[in-house]
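Listed here are the chains, written in short residue letters.
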Amino acid sequence: MQIFGLDIGGSGIKGAPVDLDKGDLAQERLKVLTPHPATPDAVADGVREVVEHFGWTGPVGLTFPGVVTGGSTIRTAANVDKSWIDTDARALFGERLGGLPVTVVNDADAAGVAEMAFGAGRGRRGTVILLTFGTGIGSAVFVDGVLVPNTELGHLELNGHDAEKRASSKAKDDHELTWEHWARRVQKYLEHVEMLFSPELFIIGGGVSRKSEKFLHFIEGIKAEIVPAQLQNNAGIVGAAMRAAKG
């Protein structure tokens, strides 16, 4: 069974048909740059470009980098234009895609659902936290496999700042940090999250998961197991398709 999954991020909009039996992309994904400013209309145009590239005519699952309530209403927009707040995303994307059935879910929640089903969290009980490091920091918290949605732990305070302003991969690039220096910031962030939630497992996702060998060994003193996401930066696409399959 195939469903289209699409992941909207602060820097890119990427999507592909997903094989839900394998939990993997059925075709090579297409990525277009996220427009700036990332207004609803501009992002919807990018979404349409990706979906039309594949000639897709079935259900579409989409992620959004912010809180999504009721499967449609956008409540936060930290890394896209503020005009997203209170937007009915399902209606917007459905209209732009010519009436295709659309499902919308928080981006990190989608990545977490995929990792719990097909990746590093498969079969794990207790408290598992996936953290995506990209333009911001997204989070997905699971207790015995059940998602606690829209946790947005990237906005915890760290040294007087939003954590994602200090420890996202964008912060690494913006401040030209070495992998070791950045890893120390990530370590401080993980210490704070661990103090609050005492997870058994941290899964590190986002684009940096492809480069885990460059920084994970610098992170010390965390009691929880720390592993990279197995689906890497495709986890959001897969998770979006999984949610769309449920309707």
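Note that the coordinates shown come from a computational prediction; the quantities given were computed from them, not determined experimentally.

Novice: Help me out: how do you make sense of the pattern of salt bridges in this one?
Specialist: A side chain with one charge may pair with a side chain of the opposite charge, provided their charged atoms come close. Tallied over the full model, the rule gives 10 salt bridges. Asp 174 is paired through a salt bridge with Lys 170; the nearest N and O atoms lie 2.7 Å apart. Remark: Lys 170 and Asp 174 occur in helix H5 (residues 169–174); sequence separation between them is four residues, near one turn of the helix. What makes Lys 170 partly exposed here is its relative accessible area of 39%.

Novice: Explanation requested: the packing of aromatic side chains in the structure shown.
Specialist: To describe a pair of aromatic rings, you give the distance between the ring centres and the angle between the ring planes. Enumeration over the complete set of coordinates arrives at nine aromatic pairs. Between Phe 4 and Phe 54, the ring centres sit 5.4 Å apart and the planes meet at 65°, which makes this aromatic pair edge-to-face. Taken together, the residues span a long stretch of sequence, with Phe 4 in strand S1 (residues 2–8) and Phe 54 in the loop between helix H1 (40–53) and strand S5 (60–64) at a distance of 50 residues. The exposure class of Phe 4 is buried, given its relative accessible area of 0%. For Phe 54, a relative accessible area of 16% puts it in the buried group. Feature note: the residues Phe 133, Trp 179, Trp 182, Tyr 189 and Phe 215 constitute an aromatic cluster, connected by ring pairs. The ring of Trp 179 carries the charged tip of Lys 172 above its face, separated from the ring centre by 4.3 Å.

Novice: Just checking my understanding: could you explain the packing of H1 against helix H2 (residues 89–96) for this structure?
Specialist: Axes are the key here: two packed helices are described by the angle between their axes and the distance separating the axes. Contact geometry of H1 with H2 gives a least axis separation of 9 Å together with a crossing angle of 50°. Relative to H2, the element H1 is oriented oblique. In the packing of H1 onto H2, the handedness of the crossing is right-handed. Between H1 and H2, the residues in contact are Pro 40, Asp 41, Val 43, Ala 44, Asp 45, Val 47 and Arg 48 and Leu 92, Phe 93 and Arg 96, respectively.

Novice: When you look at the pairing of strand S9 (residues 127–133) in this model, what are you seeing that I'm missing?
Specialist: The buried fraction of S9 is high, at seven of seven residues. Along S9, one buried face is formed by Thr 127, Ile 129, Leu 131 and Phe 133 and the opposite face, lined by Val 128, Leu 130 and Thr 132, is buried too. Pairing analysis gives seven bridges linking S9 to strand S10 (residues 137–143), with the strands arranged antiparallel. Across the sheet, residue Thr 127 finds its bridge partner in S10, namely Val 143. Hairpin connection between S9 and S10: a loop of three residues separates the two successive antiparallel strands. As defined by bridge partners, S9 adjoins strand S14 (residues 201–205) across five bridges and the pair is classed as parallel. Each residue of the ladder has a partner; that of Leu 131, found in S14, is Ile 204.

Analysis parameters
Residues numbered from 1 in each chain as written. Predicted model: local features only at pLDDT ≥ 70, side-chain atom pairs only at ≥ 80, totals over all residues. Heavy atoms only, no water. Salt bridge = Lys/Arg side-chain N within 4 Å of Asp/Glu carboxyl O. Helix = DSSP H or I, 4+ residues; strand = E, 2+ residues; numbered from the N terminus. Buried < 20%, exposed > 50% of the residue type's maximum accessible area, 1.4 Å probe, protein only. Phe/Tyr/Trp six-rings, centres within 6.5 Å; stacked < 30°, edge-to-face > 60°. Lys NZ or Arg CZ within 6 Å of the ring centre and 35° of its normal. Axes fitted to C-alpha atoms, helices over the stretch in contact; angles between N-to-C directions. Parallel < 35°, antiparallel > 145°, perpendicular 65-115°, else oblique. Left-handed = near helix turned anticlockwise from the far one by under 90°. Contact = heavy atoms within 4.5 Å. Pairing = 2+ DSSP bridges.

Scope: geometric values only; no functional claims are made or implied.
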